Amino acid sequence: MSETPNDGAGQHEDQDESTRVERAVMRGVERVAGVTDEIVHHRGPNGARALVNAFFGDRLDVAGSALSHTMGVRRRGRSVPLTREGLAAAYPEATGEVVVLVHGLLVTETFWQQGRFGNRLHEDLGLTPVTVRYNTGLRISHNGHDLDRILAALVAHWPVPVTRLVLVGHSMGGLVVHSALAQADVTGPGAEWVSRVSDTVTLGSPHLGAPLERGANHAARALGTLRHVRPLADLLRSRSVGIQDLRHGNILDEEWDGVDPADRRGRRVDVPLHPGIRHLAIVGLLGKKVDSRVAQLFGDGIVTAASARGSGRRSPEHRRFPAEDVVVLPGVSHLALVRDETVYAAIRERLGARVDP
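Residues numbered from 1 in each chain as written. Predicted model: local features only at pLDDT ≥ 70, side-chain atom pairs only at ≥ 80, totals over all residues. Heavy atoms only, no water.

Enquirer: Give a description of the overall build of the chain that names residues and reports values.
Expert: Tallying secondary structure elements over the chain gives 13 helices and eight strands in all. The proportion of buried residues among the 357 residues of the chain is 50%. Excluding contacts between residues fewer than 6 apart, the proportion of contacts in the chain whose partners are at least 24 apart in sequence is 76%. Put simply, the chain shows about 16800 Å² of open surface, and 56% of that area lies on carbon and sulfur atoms. (Helix = DSSP H or I, 4+ residues; strand = E, 2+ residues; numbered from the N terminus. Buried < 20%, exposed > 50% of the residue type's maximum accessible area, 1.4 Å probe, protein only. Contact = heavy atoms within 4.5 Å. Areas by Shrake-Rupley, 256 points an atom, 1.4 Å probe, with all protein chains shown as cover.)

Enquirer: Residues and numbers for the pattern of salt bridges, please.
Expert: Applying the stated rule across the entire model yields 15 salt bridges. Among the ionic pairs, Asp58 bridges to Arg59, the shortest N-O distance being 2.7 Å. The class for Arg59 is partly exposed, based on a relative accessible area of 27%. Put simply, Arg116 and Glu123 hold a salt bridge, and the shortest N to O gap is 3.2 Å. You can call Arg116 partly exposed: its relative accessible area is 38%. Each of the salt bridges in this network shares a partner with another, and the network as a whole consists of Glu97, Arg164, Asp199 and Arg278. (Salt bridge = Lys/Arg side-chain N within 4 Å of Asp/Glu carboxyl O.)

Enquirer: Lay out helix α6 (residues 172-183) with the relevant residues and their values.
Expert: Over its 12 residues, α6 extends 16 Å from the first C-alpha to the last, a length consistent with the 16 Å expected when each residue adds 1.5 Å. Most of α6 is tucked away, with 11 of its 12 residues classed as buried. Those residues of α6 that fall on the buried side of the exposure criterion are Met172, Gly173, Gly174, Leu175, Val176, Val177, His178, Ser179, Ala180, Leu181 and Gln183. (Expected span 1.5 Å × (residues − 1).)

Next comes the structure, spelled out in structure tokens:
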């Protein structure tokens with residue numbers, strides 16, 4: 001009489017198999033992408049690194065892997081030392097007004113090259129563009145802490161006195177921007193850089209969370225009960241904590257600390273916008289009609305309109321952004337938000353209108 005295989009043992013085998021696949025993927029990308037964070041940018045290798053960081057970046061960081069991106073300023077693919085000498089060498093044309101561009105999930109700072117928003121803001125408004133790269137697989141709050149540190153050093157060692165600081169974030173990058181502001185120590189090192197911020201701009205940022213991540217969480221729970229697809233469920237469950245933070249748009253440590261990662265409800269903290277700063281939320285819509293229910297539901301194809309504007313249908317009175325600080329642009333997809341002319345026009349109009357002292 002044959003014995004029935006132990007299901008627990010089979011589950012361990014499935015987990016081991018998914019772990020082996022994950023490690024094989026990392027080893028393959030490491031061979032292709034090079035092993036140092038100082039590598040001069042090449043689209044293919046660094047695109048592969050960005051992909052692996054998005055899904056496995058938290059484990060890469062713990063393991064000390066050379067694949068893990070570290071938060072820092074990048075120019076032409078190279079790390080810029082945050083010293084007066086390093087910044088002066090990298091930005092000989094530095095002005096006192098700086099715009100910091102923070103990319104989203106799955107990409108690096110070169111994503112901004114598509115629309116040349118940084119260069120155009122320099123040409124049109126005199127803002128010196130600075131791009132950062134970071135490990136998108138880490139907690140958003142972790143990256144917020146790191147951006148706080150980066151901005152403090154940037155302002156302290158910029159070649160000329162910083163008189164204005166603008167923060168622009170696409171998708172996850174917008175959450176990282178607001179996380180940095182929410183966590184900055186305004187009585188300590190954060191006081192200088194926060195006091196220089198005139199504006200923030202978020203492009204399709206999931207302030208109320210992303211449906212795709214909620215769907216991935218539901219799928220992982222459902223597939224985990226089915227023996228033959230359990231390795232797929234394990235792979236879904238192994239997605240990085242950075243991606244999991246997108247489920248509810250968490251930007252603070254206390255929103256995830258001690259919470260079951262698979263919990264569908266999660267924990268949200270009402271994080272007020274930083275006072276004294278203008279905040280603009282740009283919302284893309286796949287549809288052509290702004291008032292269309294379908295367009296509002298699908299948003300830019302990745303983030304719903306409600307999440308990007310920070311106000312849901314059930315509680316429209318609880319708006320993260322006042323109506324006058326939200327720009328809705330029909331016919332603009334999530335990825336097109338960094339290159340679309342109407343998006344750039346909205347950013348330029350806002351930033352060109354100077355803040356009263």
